[in-house]
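Okay, here's what each chain looks like letter by letter:
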Amino acid sequence: MPTPRNYARSVASRVTAKVFWSGRSQAIRLPQQFRMSVREVIIRKMKNGLYLEPLTPHVDANGWPENFWKLFEQNADGLDVGRPEQAHERPYPLGRKR
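Residues numbered from 1 in each chain as written. Predicted model: local features only at pLDDT ≥ 70, side-chain atom pairs only at ≥ 80, totals over all residues. Heavy atoms only, no water.

Colleague: Looking at this model, I keep getting lost on the overall build of the protein chain. Mind explaining?
Modeller: Along the protein chain, the regular secondary structure elements total one helix and four strands. Reading the helices (α) and strands (β) of the protein chain from amino to carboxyl end gives α-β-β-β-β. Classification of the 98 residues of the protein chain by burial places 4% in the buried group. A separation threshold of at least 6 residues defines the contact pool for the protein chain, and within that pool the share at least 24 residues apart is 0%. Summed over all atoms, the accessible surface of the protein chain reaches about 10100 Å², with 52% contributed by carbon and sulfur. (Helix = DSSP H or I, 4+ residues; strand = E, 2+ residues; numbered from the N terminus. Buried < 20%, exposed > 50% of the residue type's maximum accessible area, 1.4 Å probe, protein only. Contact = heavy atoms within 4.5 Å. Areas by Shrake-Rupley, 256 points an atom, 1.4 Å probe, with all protein chains shown as cover.)

Colleague: How do you make sense of the layout of surface pockets when you look at a structure like this?
Modeller: Summary: where empty space remains is shown by rolling a probe the size of a single water molecule over the atoms. Of the voids in this model, the largest pocket is the one considered here, and its volume is about 580 Å³. Lining of the largest pocket is provided by 16 residues; of these, V15, L30, F34, L50 and L52 occupy positions nearest its centre. The dominant element in the lining of the largest pocket, judged by the number of residues it contributes, is strand 4 (residues 50-54), at three residues. Here the second largest pocket is characterised by a volume of approximately 340 Å³. Along the walls of the second largest pocket sit 13 residues, with I28, L30, V41, I43 and L52 positioned nearest its centre. Those elements giving two or more residues to the lining of the second largest pocket turn out to be strand 2 (25-29), strand 3 (41-45) and strand 4. Among the elements that take part in the lining of the second largest pocket, strand 2 stands out by supplying three residues, more than any other. Each residue belonging to the lining of the second largest pocket can be placed in one class, and the counts come to ten nonpolar, one polar and two charged. (1 Å grid on protein atoms, 1.4 Å probe; cavity = no way out; pocket = protein on both sides within 12 Å on 5 of 7 lines; lining within 4 Å. Points joined across faces, edges and corners; volume = space filled by probe spheres on them. Nonpolar A, V, L, I, M, F, W, Y, C, P; charged D, E, K, R; others polar.)

Here you go:
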């Protein structure tokens, strides 16, 4: 049971949010002060409510998601992905000069 001091603090931070349907999914419109800069969250069901935690992807030293290179069955060091500052174009659109 919360103490009077903790209860007063939790009541002061309460904000109402709208619950609505988006297609066949239920959604909650978060007030601006609770918005997150992530595309996915982890949802945990607690005793009397829900707990939302930002899901931040784990990335390697080059900024790629950790499991990305498993798709190619090799690591990032063995695959030349080029340099972002270089354009990836052939000299001629059809591969030969007309």
